[in-house]
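Overview (structure and organization)
Take a look at the letters that make up each chain.
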Amino acid sequence: MLVLVAPGQGAQTPGFLTPWLDLPGAADRVAAWSEAIGLDLAHYGTQADADAIRDTAVAQPLLVAAGLLSATALGDFVPGAVAGHSVGEITAAAFAGVLDDTAALRLVRRRGLAMAEAAALTPTGMSALLGGDPTTSVPHLEKLGLTPANVNGAGQIVAAGTLEQLAALEADKPEGVRRVVALKVAGAFHTHHMAPAVDALAEAAEALTPAQPRVTYVSNRDGQTVETGGEVLQRLVGQVANPVRWDLCMETFEKLGATALIEVCPGGTLTGLAKRALPGVTTLALKTPDDLDAARALIAEHSAR
């Protein structure tokens, strides 16, 4: 069984969209999406620097656009399950047919703007803990007033909170943690700091008519499969202020019998986690169009099965 997954914010790098726009029809699709959401995706994906694409209001629609573009390039196939990390859940909702591509991009544009506004209220951020044990690290984070905003599995936790709290973490690491690495994000996502964004996203969601998922949709709130489009949309709204439990998603992939995992562009983060947490699963990250042939071969192999 093949799982298709989409990465979250922080996966973007300057110019990463450039080679994808050379694919037939890609530039036209991106231009149409850009007009629909009032953001020049081609410019930000090809010419903008790291600081420009770190902006939450830019990074989030850019990531969803890249994910949709690269998934389309794989051809017409139906994965066994789909999931997304953080903003990648909106990409996954489009994979599952819950939202069409334009609706997904309009929703993520509103999400990015609302989260950027919430992040501007207080200087906050996120940092990854390298090493350590969650049973030790989580209580330590809570003692410092931080939130374990991403519990990613394979021993990886991302802490979120104010810049002062993150500085305290740097000086006082949990036992076993080798390093604390600041992430390329502009706020404490998936924490109470994002509460103002929930209402804005709920208002945007009211204008949408979600369809039923056509494939198994795994939610990063708790790793559970979601059977209705309405519940998928409800979870997309609430997750901006709640932790991401990617560890539970990977447990669900294993229970579903996953044998392969493809991560759409800009791939790498989620495949890295899967290699450590799901050692029997074949993984492939779409970084450039050069990866498409191998991905199509993996899809064909699983379709034959």
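Just so it is clear, the structure is predicted and the values come from calculations on it, not from any experiment. (Residues numbered from 1 in each chain as written. Predicted model: local features only at pLDDT ≥ 70, side-chain atom pairs only at ≥ 80, totals over all residues. Heavy atoms only, no water.)

1. Digging into the overall build of the protein chain
Spelled out, the test is: Note on conventions: DSSP H or I runs of at least 4 residues are helices, E runs of at least 2 residues are strands, and numbering of each starts at the N terminus. The globule rule is 2.2 Å times the number of residues to the power 0.38, and the radius of gyration it is compared with is taken over C-alpha atoms. Any residue under 20% of the maximum accessible area for its type is buried, any over 50% is exposed, and the rest in between are partly exposed; the area is computed with a 1.4 Å probe on protein chains only. Residue contacts are defined here by distance: any two heavy atoms, one from each residue, within 4.5 Å place the two residues in contact. Each accessible area is a Shrake-Rupley result for a 1.4 Å probe, and residues are judged covered by the shown protein chains and nothing else. When charges are counted, neither His nor the chain ends are considered; positive counts come from Lys and Arg and negative counts from Asp and Glu. By convention, the point assigned to a charge is CZ for Arg, NZ for Lys, CD for Glu and CG for Asp.
A count of helical and extended segments in the protein chain gives 13 helices and 10 strands. At 18 Å, the protein chain has a C-alpha radius of gyration in line with the 19 Å of a compact globule built from 305 residues. Referenced to the eigenvectors of the C-alpha coordinate spread, the extents of the protein chain come out at roughly 50 × 45 × 35 Å. Counting the 305 residues in the protein chain, one finds 54% classified as buried. Taking all contacts inside the protein chain whose residues are at least 6 apart in sequence as the whole, residues at least 24 apart take part in 75%. Carbon and sulfur atoms make up 50% of the accessible area of the protein chain, which amounts to about 12300 Å² in all. A distance of 4 Å separates the average location of the 21 positive side-chain charges in the protein chain from that of its 32 negative side-chain charges.

2. With respect to helix H4 (residues 56-73)
Each α-helix turn comprises 3.6 residues. Residues three or four places apart therefore point the same way. Short version of the rule: The length a helix should cover is 1.5 Å for every residue beyond the first.
In this model H4 runs 26 Å from its N-terminal to its C-terminal C-alpha over 18 residues, within 8% of the 26 Å that 1.5 Å per residue would give. Extensive coverage of H4 is indicated by the burial of 17 of its 18 residues. Following H4 by one or two positions, Gly-75 has its phi on the positive side, about 100°.

3. Notes on unusual backbone geometry
In this structure, the amide linkage connecting Cys-265 to the following residue, Pro-266, adopts the cis form with an omega of -5°. You can see Pro-266 is positioned in the loop between strand E9 (260-263) and helix H12 (269-277). Unusually for a residue other than glycine, Ser-86 sits at a positive phi of about 55°. Looking at the element boundaries, Ser-86 is found in the loop between strand E2 (81-84) and helix H5 (88-95). Unlike most non-glycine residues, His-190 shows phi in positive territory, near 60°. On the secondary structure map, His-190 appears in the loop between strand E6 (177-182) and helix H9 (195-205).

4. With respect to the layout of surface pockets
Here is the rule we go by: Using only the protein atoms, space was sampled on a 1 Å grid; points where a 1.4 Å probe fits but cannot get out form cavities, open sets with protein on both sides within 12 Å along at least five of seven lines form pockets, and lining residues are those with an atom within 4 Å of a point. Grid points are joined across faces, edges and corners, and a volume is the space filled by probe spheres set on the points. Under the scheme applied, nonpolar residues are Ala, Val, Leu, Ile, Met, Phe, Trp, Tyr, Cys and Pro; charged residues are Asp, Glu, Lys and Arg; polar residues are all the others, including Gly.
Reported here for the largest pocket is a volume of approximately 430 Å³. Along its surface, the largest pocket is lined by 23 residues, and Gln-9, Gly-10, Ala-11, Leu-183 and Thr-269 are the ones closest to its centre. For the lining of the largest pocket, the elements supplying multiple residues, two or more each, are strand E3 (124-131), strand E4 (147-153), strand E5 (156-162), E6 and H12. Looking at the lining of the largest pocket, the element that brings in the most residues is H12, giving 3 residues. Taken together, the residues that form the lining of the largest pocket break down as 12 nonpolar, 10 polar and 1 charged. Its volume calculated, the second largest pocket comes out at about 280 Å³. Taken together, 14 residues line the second largest pocket, and the ones lying closest to its centre are Ala-71, Gly-75, Phe-77, Phe-95 and Arg-214. Secondary structure elements with two or more residues in the lining of the second largest pocket: H4 and H5.

5. Remarks on the side chain of Gln-9
Defined as follows: Pairing of N or O atoms within 3.5 Å defines a polar contact, subject to two protein rules: one partner must be a possible hydrogen donor and the other a possible acceptor, and residues neighboring in sequence count only if both atoms are side-chain atoms.
Of note, Gln-9 is situated in the loop between strand E1 (2-6) and helix H1 (26-37). There is a polar contact of 3.0 Å between the side chain of Gln-9 and the side chain of Gln-60. Every residue in contact with Gln-9, bar those within four places of it in the chain, is listed here: Arg-54, Thr-56, Ala-59, Gln-60, Leu-63, Val-87, Val-185 and Phe-189.

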